[in-house]
Amino acid sequence: MIYPVAKHESRKRKAESRPVDCLAPRPALTLVELLVVIVILVTLVAGVIPLLSPNNDTRKIREASRGLQAYINSTQAEAARTGRPHGIGFRESPSGDGMALEVFRMEVPQAFAGFSEASRVLVETTSNTYSGNIARYSGFPLFKVNFGNATSGGVEPLPPGMFKPFDMVNVAGNKFLIVDSPNNIDPSNDKLFEYGVVPNTIKYFGEPNGDQNKQVSDLECVWVNASGQLPPQGVQSYRIIRQPLTSSASPFVLPAGIAIDMQGSMQEGDVTTFYASANTTPDAVNILFSPAGHVSSVLFNGNELTNVSRIILLLGRVENGNLQPVDYDFTGVVTNDQLEQQREKVNWLSLDSRWISIAARSGRAIVSDNAFVDPRTYTDINGNTDLDGDGNDIVLDPKDQIEAAHEIAHEMKRGGGR
């Protein structure tokens, strides 16, 4: 007979016969050792990612184009929500570089209709004509718009900082463009203004400390509706339509190394690039959308562009910009390898670059891949191969070349964009 006690003793002897090392716990990694392993893994991954993604700039350009398209769409939505024009703006950074590194939101402030229901204006003729920097109004007669109060009969000074030159005064449906400037302000009139960052430009009219005896009460304006007609008679109510200002919304910052190439960007209608020259002040572009969604205006360096049918923005590498807007010579470029080396230096020739096209009528923004045009064989619409008349038929004319590349990129999308 086998007793349970004996069975228990047998198990005990077997356990005692096992090696002691088999029962001891295994040592774990210390916190320091674990951190060292993690650092090594992160370092290895960081080194492998560039190998798996050989052209990181291509990815960043694509992401930037999609992000900017979304930023434009949200701007149009904001214009519809507020019932006031909103838009986007960008400028060179630094001056003369021809590249814009960020896009900021613009908005048209609320219209100003005076301090009370009794606020009025009186439009008077003058003997002067406009001779400023807006060519289409050159020679137009200047009118003086006087601000007053129908109840008191006195002068109603303009609020300081409220508006500035090229804002619009709407008087009974007649639009008067404010063109008063230091050139036609008589210091004896006590018309004071504060200078902006750029020398010799006005930031606003009016005395900033609120001294009504020194504020502006009348302004010289161009009647943009017509020329040679009688202005509105008697005192009238008014609304001042103010120019767009930078809003408080966060800007869209392009990825490091990627920018809007202002030399390659342009507006169609009268094909004009947005890069003037190596100016002392940054070139700037503002594109405004109406509450209905279409493009209401395009301003280049403060001047409104006319007959705009489409705006084309070129996104590319920063190092491929800052080319002077003159013929880019491809002399000596014969083989495809030589051509490949050259096109990698120019944004509008690089297949990595992308176009964002904004149709003026609909406001629709479309993103397209770049389409390369071989400058060695390119001819203009008249069949000319010698584009600059220097006897060399492999010379690139930037404006024609950019337009040709853009047209090819949009050939399949043209029908739905306008």
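It is not clear to me how the packing of aromatic side chains should be interpreted in this structure. Could you clarify?
The geometry of an aromatic ring pair comes down to the distance between the two centres and the angle between the two planes. Across all of its chains, the model carries seven aromatic pairs by this definition. Each ring, one from tyrosine 137 and one from phenylalanine 140, has its centre 5.6 Å from the other, and the planes form 65 degrees; the classification is edge-to-face. Both residues of the pair, tyrosine 137 and phenylalanine 140, belong to the buried class. Each ring, one from phenylalanine 176 and one from tryptophan 223, has its centre 5.7 Å from the other, and the planes form 15 degrees; the classification is stacked. Of this pair, phenylalanine 176 sits in strand β7 (residues 174–178) while tryptophan 223 sits in strand β10 (residues 218–223), and the two are 47 residues apart along the sequence. Given a relative accessible area of 0%, phenylalanine 176 falls into the buried group. Judged by relative accessible area, which is 4%, tryptophan 223 ranks as buried. Linked through ring pairs, Phe143, Phe176 and Trp223 together constitute an aromatic cluster. Residue placement shows arginine 105 over the ring face of tyrosine 71; its charged tip is 5.0 Å from the ring centre.

Would you mind going over the sheet that holds strand β6 (residues 168–171) with me for this structure?
Strand pairs in the sheet, formed through backbone hydrogen bonds, run parallel or antiparallel to each other. Taken in spatial order, the seven strands line up as β11-β4-β5-β10-β7-β6-β12 in an open sheet, and their pairing is antiparallel. Sheet topology places β11 (235–236) and β12 (239–241) at the edges, where each strand pairs with a single neighbour. Both strand β4 (residues 119–129) and β11 contribute to a ladder of two bridges, which runs antiparallel. Each residue of the ladder has a partner; that of valine 121, found in β11, is glutamine 236.

In this structure, what is going on with the side chain of glutamate 156? I would like to understand it.
Topologically, glutamate 156 is positioned in the loop between β5 (141–149) and β6. In this structure, glutamate 156 is buried with no salt-bridge partner, the nearest side chain bearing the opposite charge being arginine 120 at 8.3 Å. Side-chain polar atoms of glutamate 156 contact the side chain of serine 119, separated by 2.8 Å. Setting aside residues no more than four positions away along its own chain, glutamate 156 makes contact with Gly114, Phe115, Ser119, Phe147, Gly148, Asn149 and Tyr238.

Where do I start with the pairing of β6 in this structure?
A regular strand places its side chains on the two faces of the sheet in alternate fashion. Side chains Met168 and Asn170 project from β6 onto one buried face, and the interleaved Val169 and Val171 project onto a second face that is buried too. The sheet contact formed by β6 and β12 spans three bridges and is antiparallel. Bridging across to β12, asparagine 170 finds its partner in arginine 239. Linking β6 back to β7 in an antiparallel pair, the connection comprises two residues, with alanine 172 at a positive phi of about 55 degrees.

What is the right way to look at the nonpolar core in this model?
When a protein is soluble and globular, its nonpolar side chains tend to lie buried together. In terms of nonpolar packing, the biggest core is built from 31 residues, with Leu68, Phe90, Val103, Phe274, Ile287 and Ile311 touching the most fellow members. Broken down by secondary-structure element, the contributors of at least two residues to this core are α3 (56–82), β1 (86–91), β15 (258–261), β18 (284–289), β19 (295–300), β21 (310–317), β23 (354–359) and β24 (365–369). The element contributing the most residues to this core is α3, with five residues. Contact partners of phenylalanine 90, with chain neighbours within four places excluded, come to Ala100, Glu102, Val103, Phe104, Ile260, Met262, Asp283, Ala284, Val285, Ile287 and Leu313. Core analysis: the second largest hydrophobic core is formed by 17 residues, Val145, Val169, Val171 and Trp223 among them.

Conventions and cut-offs
- Residues numbered from 1 in each chain as written.
- Predicted model: local features only at pLDDT ≥ 70, side-chain atom pairs only at ≥ 80, totals over all residues.
- Heavy atoms only, no water.
- Phe/Tyr/Trp six-rings, centres within 6.5 Å; stacked < 30°, edge-to-face > 60°.
- Buried < 20%, exposed > 50% of the residue type's maximum accessible area, 1.4 Å probe, protein only.
- Helix = DSSP H or I, 4+ residues; strand = E, 2+ residues; numbered from the N terminus.
- Lys NZ or Arg CZ within 6 Å of the ring centre and 35° of its normal.
- Pairing = 2+ DSSP bridges.
- Lys, Arg positive; Asp, Glu negative; His and termini not counted.
- Salt bridge = Lys/Arg side-chain N within 4 Å of Asp/Glu carboxyl O.
- Polar contact = N/O pair within 3.5 Å; in protein donor to acceptor, adjacent residues only side chain to side chain.
- Contact = heavy atoms within 4.5 Å.
- Core = buried A, V, L, I, M, F, W, Y, C linked by side-chain atoms within 4.5 Å.

Honestly, that's just the spatial picture; any functional story needs more than this.
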